[in-house]
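Coordinates in review
The lines below spell out each chain.
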Amino acid sequence: MRERPRGEDESLVGRLYDSYGVSLYRYAVMLLADPAAAEDAVHQVFAALLKRRADLHLENEAHYLRRAVRNECYSFRRRPRTVSSQSELALLELLPDARHAVSPEERLTLEQALRALPIEQRDVVHLHAFEGMTLQEVAAVCGESINTVASRYRYAVARLREAFGQ
Amino acid sequence: MHEDVEVLLRKYRPVSPPARLRDRCTILRQTRTWPWAVACAAALALAVTLQSLIQGLAEGRSLPTGTATEREAVDDLAEMLGGDAEARRFATLAVRELRFMAKATAPGGNPDVSRREQ
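In what follows, the accompanying structure is described. (Residues numbered from 1 in each chain as written. Chains lettered and ligands numbered in written order. Predicted model: local features only at pLDDT ≥ 70, side-chain atom pairs only at ≥ 80, totals over all residues. Heavy atoms only, no water.)

What follows concerns the overall build of chain A. When its secondary structure is counted, chain A shows seven helices and one strand. Across chain A, helices and strands are ordered from the amino to the carboxyl terminus as α-α-α-β-α-α-α-α. Taking the intrachain contacts of chain A between residues at least 6 apart in sequence as the baseline, contacts between residues at least 24 apart amount to 69%. Surface summary for chain A: the accessible area is close to 8700 Å², and the carbon and sulfur share equals 49%. (Helix = DSSP H or I, 4+ residues; strand = E, 2+ residues; numbered from the N terminus. Contact = heavy atoms within 4.5 Å. Areas by Shrake-Rupley, 256 points an atom, 1.4 Å probe, with all protein chains shown as cover.)

As structure tokens, then:
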């Protein structure tokens, strides 16, 4: 198999980052509840791609990259680590077209509640609420049954509501 | 009264990445890291060469430290490690160290070696 020049690999990977990098980072932020760790996780995935000199052909790029980031984040969670002070960086930003002003306290309460969720519940909340996937699609990404992801989403929303006294 | 949390979630998204992330993800850094497989191969080659030298000394042969032999060993090892200047420096040091180790571990010593040491 032909080994491409390094510059060619970098531009191929650049195209993948431009297409998927932002959404992958956002996914990692929600999984890890830590923007700095999310940056490292996404970097690890793309660094591995850069090292695959001979073959960068991906059957389904979006699916492959999302799965790689997901695996990297779950692995990261299993490693022994110290809690970084950077884990208190903001997790959320307001959508550009959000019509109503929201108070900083509301955002902070929501972020705190999200941080308190288990990674599996944040996973489902992100894919369903932020990426707009159906629960069927979420089940496929997570490799779980639809009943499992539906339960996780229900429990997550219940805990988020508790944080707001609902 | 707060909006329902599901409505609230739809106003937000996770934060965007910092600009530096693109460079981190798309540029292969030229930092010197020895691929582990190459490092293992180099260690194995050194071990085999050392064993051969020690065996030769035990059989009474002179230590083959001729300049041409050492140059060949340096060339082979440097090529295995990437062939650049840093690889050659490492290879030179490694072969010299190997020679000293071979002398030090030679059973009973070798008159040729003793003379060279003087």
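Before going further, it helps to spend a moment on the interface of chain A and chain B. Taken together, the 42 residues of chain A in the interface contact 25 residues of chain B. Here chain A and chain B share an interface that buries about 3500 Å² over both sides, 61% of which is from carbon and sulfur atoms. Along the contact surface separating chain A from chain B lie seven salt bridges. The partner of Asp4(B) in a salt bridge is Arg161(A), with the nearest N and O atoms 2.8 Å apart. At the junction of chain A and chain B, the tally comes to 14 residue pairs in polar contact (both at pLDDT 80 or more). Tallying contributions element by element places helix α1 (residues 6–32) of chain A first for the side of chain A that touches chain B, with 11 residues. (Buried area = accessible area lost by both parts, 1.4 Å probe. Salt bridge = Lys/Arg side-chain N within 4 Å of Asp/Glu carboxyl O. Polar contact = N/O pair within 3.5 Å; in protein donor to acceptor, adjacent residues only side chain to side chain.)

Let us look at the nonpolar core. Phe46(A), Leu92(A), Leu110(A), Leu114(A), Val125(A) and Leu160(A) are the most contacted members of the largest nonpolar core, which has 58 residues in total. Sorting elements by how many residues they give to this core places α1(A) first, with 11 residues. Once you skip the residues sitting within four places of it in the chain, Leu114(A) turns out to touch Met30(A), Leu92(A), Arg122(A), Val125(A) and Leu160(A). Counting residues in hydrophobic clusters, the runner-up holds eight residues, among them Leu77(B), Ala78(B), Ala94(B) and Val95(B). (Core = buried A, V, L, I, M, F, W, Y, C linked by side-chain atoms within 4.5 Å. Buried < 20%, exposed > 50% of the residue type's maximum accessible area, 1.4 Å probe, protein only.)

Turning our attention to the packing of helix α5 (residues 119–130) of chain A against helix α6 (residues 135–142) of chain A. All names here are of chain A. The N-to-C vectors of α5 and α6 enclose an angle of 135 degrees; their axes lie 9 Å apart at closest approach. Taken as axis vectors, α5 and α6 run oblique relative to one another. Judged by the twist between their axes, the crossing of α5 over α6 is right-handed. Facing Asp123, Val124, Leu127 and His128 of α5, the residues of α6 in contact are Leu135, Val138, Val141 and Cys142. Here the contact of α5 with α6 is built from residues that sort into six nonpolar, one polar and one charged. (Axes fitted to C-alpha atoms, helices over the stretch in contact; angles between N-to-C directions. Parallel < 35°, antiparallel > 145°, perpendicular 65-115°, else oblique. Left-handed = near helix turned anticlockwise from the far one by under 90°. Nonpolar A, V, L, I, M, F, W, Y, C, P; charged D, E, K, R; others polar.)

Before going further, it helps to spend a moment on the packing of aromatic side chains. Residues and elements named next belong to chain A. Within this structure, the stated rule accounts for one aromatic pair over all chains. Taken together, a centroid distance of 5.5 Å and an interplanar angle of 65 degrees make the contact between Tyr17 and Phe46 edge-to-face. Highlighted residues: Tyr17 in helix α1 and Phe46 in helix α2 (residues 35–51), separated in sequence by 29 residues. Here Phe46 falls in the buried class, since its relative accessible area comes to 0%. (Phe/Tyr/Trp six-rings, centres within 6.5 Å; stacked < 30°, edge-to-face > 60°.)

All right, on to the side chain of Asp123(A) then. Residue and element names in this part refer to chain A. Within the secondary structure layout, Asp123 lies in helix α5. We classify Asp123 as buried; its relative accessible area is 0%. Reaching out from Asp123, the side chain makes a polar contact with the side chain of Tyr74 at a distance of 2.9 Å.

Moving on: the pattern of salt bridges. In the structure shown here, the tally under the stated rule is 13 salt bridges over all chains. The network of salt bridges with common partners includes Glu39(A), Asp40(A), Arg20(B) and Arg24(B).

Residue and element names in this part refer to chain A. With 17 residues, α2 extends 24 Å between its outermost C-alpha atoms, agreeing within 8% with the 24 Å of an ideal straight helix rising 1.5 Å per residue. Residues of α2 that are buried include every one of Pro35, Ala37, Ala38, Glu39, Ala41, Val42, Val45, Phe46, Ala47, Leu49 and Leu50, and no others. Where α2 starts, the residue carrying a side-chain oxygen 3.1 Å from the main-chain nitrogen of Ala36 turns out to be Asp34. (Expected span 1.5 Å × (residues − 1).)

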